[in-house]
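# Residue-level structural notes
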Amino acid sequence: MSRIPGVSAARLKSLPAPVRWAAPPVALLGGVALLLGGWGAPAEVTPPTPKPAVARLCAALDRALPDTVLGHRRQDPSPASPYTAAWGSSPRTVLKCGIDRPDYLNDDPLTSAPEVNDVQFGMGPDGHGGYRFVTTLRKAYVEITVPKGAYPNYIDPLSSLTDAIKSTVPDGL
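Attention here is on the structure that accompanies the text.

What counts and how
- Along each chain, residues carry numbers from 1 onward, in the same order as the chain's sequence is written.
- Per-residue local features of the predicted model are confined to residues with pLDDT of at least 70, and side-chain atom pairs are confined, for both listing and counting, to 80 or more; whole-chain, interface and lining totals are unaffected and use all residues.
- Note that water and hydrogens are dropped before the side-chain values are worked out from all heavy atoms of the structure.
- By disulfide we mean two sulfur atoms from cysteines, separated by a distance within 2.5 Å.
- Counting from the N terminus, the helices are DSSP H or I runs at least four residues long and the strands are E runs at least two residues long.
- Relative accessible area decides the class of each residue, using a 1.4 Å probe on protein chains only: under 20% of the type maximum gives buried, over 50% gives exposed, and in between gives partly exposed.
- Centres within 6.5 Å make a pair out of two Phe, Tyr or Trp rings, where for Trp the six-membered ring is used; the pair is then stacked when the planes are under 30 degrees apart, edge-to-face when over 60, and tilted otherwise.

Using the criterion set out here, one finds 1 disulfide in the structure. Across a sulfur-sulfur distance of 2.1 Å, Cys 58 and Cys 97 are joined as a disulfide pair. One quick way to see it: the torsion about the S-S bond of Cys 58 and Cys 97 is about -75°, and its sign makes the bridge left-handed. Of this pair, Cys 58 sits in helix H3 (residues 52-64) while Cys 97 sits in strand S4 (residues 93-97), and the two are 39 residues apart along the sequence. Neither residue differs from the other here; Cys 58 and Cys 97 are each classed as buried.

Printed below as a string of structure tokens:
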């Protein structure tokens, strides 16, 4: 019998056999449960701090967002905020509303920016093989981060979100 620091062999032998036999599998299952629980935990996302007028638009957008995006359920990031939303397990598609204008919009002329369902986006790499898309020509900047491998085509989730964006964040900056 292997030694456990601070526990004598005699004390271990005094436990009923089923308890001694069950202890290692129970410990192993507990470790697996902790690992799986950590993988399913909400993504940590720092919410933006928009000005009051933009905050109202973002709160309306939050209420209008879909519960699923291409089969991925909404699982909001931590801390909870009306300015952030996420879909999927891992990797997660993350939406932030009310961000400051990103620098990569200066590098991407609007003529080459993708337009999805009448919503124009600027785009840039996320630094991990995925992409960040941000709305342009709207009264609030809405950023959608699509991680590498989340979808067959990195632009696919945008079409699930544009109706909510169009109905709550008006044109014109």
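Once that is clear, we can look at the packing of aromatic side chains. Inspection of the entire model under this criterion finds 4 aromatic pairs. Measuring from centroid to centroid gives 6.3 Å for Tyr 131 and Phe 133, while their planes differ by 40°, and the two rings are tilted. We classify Tyr 131 as partly exposed; its relative accessible area is 28%. Accessibility expressed as a relative area gives 0% for Phe 133, which makes it buried.

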